[in-house]
Amino acid sequence: MTPTEKATALRADLADCDGVLVAFSGGVDSAVVAALAHEALGDRAVACTAKSETLPAAELDGAISVAEEIGIRHELVEFSELDNPDF
């Protein structure tokens, strides 16, 4: 299966969903999935990035920028890894 065929198949699978939440780092892998989800579902696709003290500001800025470029709704979830004694 070619990359184009894979993208077409994924869009078709996603179109059957009521909605999707994409774990979104802003890197290539999550950006491709987010873009295909947005193409297939429009506003029913949401990208979500976890923001914590250990996420460099430049990476968060990059994720925000990529999500804006894709046009997908982007939600940030804030938490503190440092609150976990096992971290």
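This is a predicted model, so every value here is computed, not measured.

**Side note on the pattern of salt bridges**
Next, step 1: Counted under the stated rule, the structure contains two salt bridges.
Next, step 2: For Arg11, the salt bridge is made with Glu39, and the minimal N-O distance between the two is 2.5 Å. Of this pair, Arg11 sits in helix 1 (residues 3-15) while Glu39 sits in helix 2 (residues 28-41), placing them 28 residues apart in sequence.
Next, step 3: Between Arg73 and Glu75 there is a salt bridge, with its nearest N and O atoms 3.1 Å apart.
Next, step 4: Residue classification places Glu75 among the partly exposed residues on the basis of a relative accessible area of 36%.

**Regarding the side chain of Thr49**
Next, step 1: Structurally, the position occupied by Thr49 is in strand 2 (residues 45-51).
Next, step 2: Residue classification places Thr49 among the buried positions, given a relative accessible area of 4%.
Next, step 3: In terms of polar contacts, Thr49 uses its side chain to reach the side chain of His74, at 2.6 Å.
Next, step 4: Setting aside chain neighbours within four positions, we find Thr49 in contact with Phe24, Leu55, Leu60, Ala63, His74, Glu75, Leu76 and Val77.

**Overview of the environment of Leu76**
Next, step 1: Relative to the assigned elements, Leu76 resides in strand 3 (residues 73-78).
Next, step 2: Residue classification places Leu76 among the partly exposed residues on the basis of a relative accessible area of 36%.
Next, step 3: Between the alpha carbons of Leu76 and Ala40 there is a distance of 22 Å; along the sequence they are 36 residues apart.
Next, step 4: Those residues in contact with Leu76 that lie beyond four places of it in its chain are Thr49, Leu60 and Ile64.

Definitions and cut-offs
Residues numbered from 1 in each chain as written. Predicted model: local features only at pLDDT ≥ 70, side-chain atom pairs only at ≥ 80, totals over all residues. Heavy atoms only, no water. Salt bridge = Lys/Arg side-chain N within 4 Å of Asp/Glu carboxyl O. Helix = DSSP H or I, 4+ residues; strand = E, 2+ residues; numbered from the N terminus. Buried < 20%, exposed > 50% of the residue type's maximum accessible area, 1.4 Å probe, protein only. Polar contact = N/O pair within 3.5 Å; in protein donor to acceptor, adjacent residues only side chain to side chain. Contact = heavy atoms within 4.5 Å.

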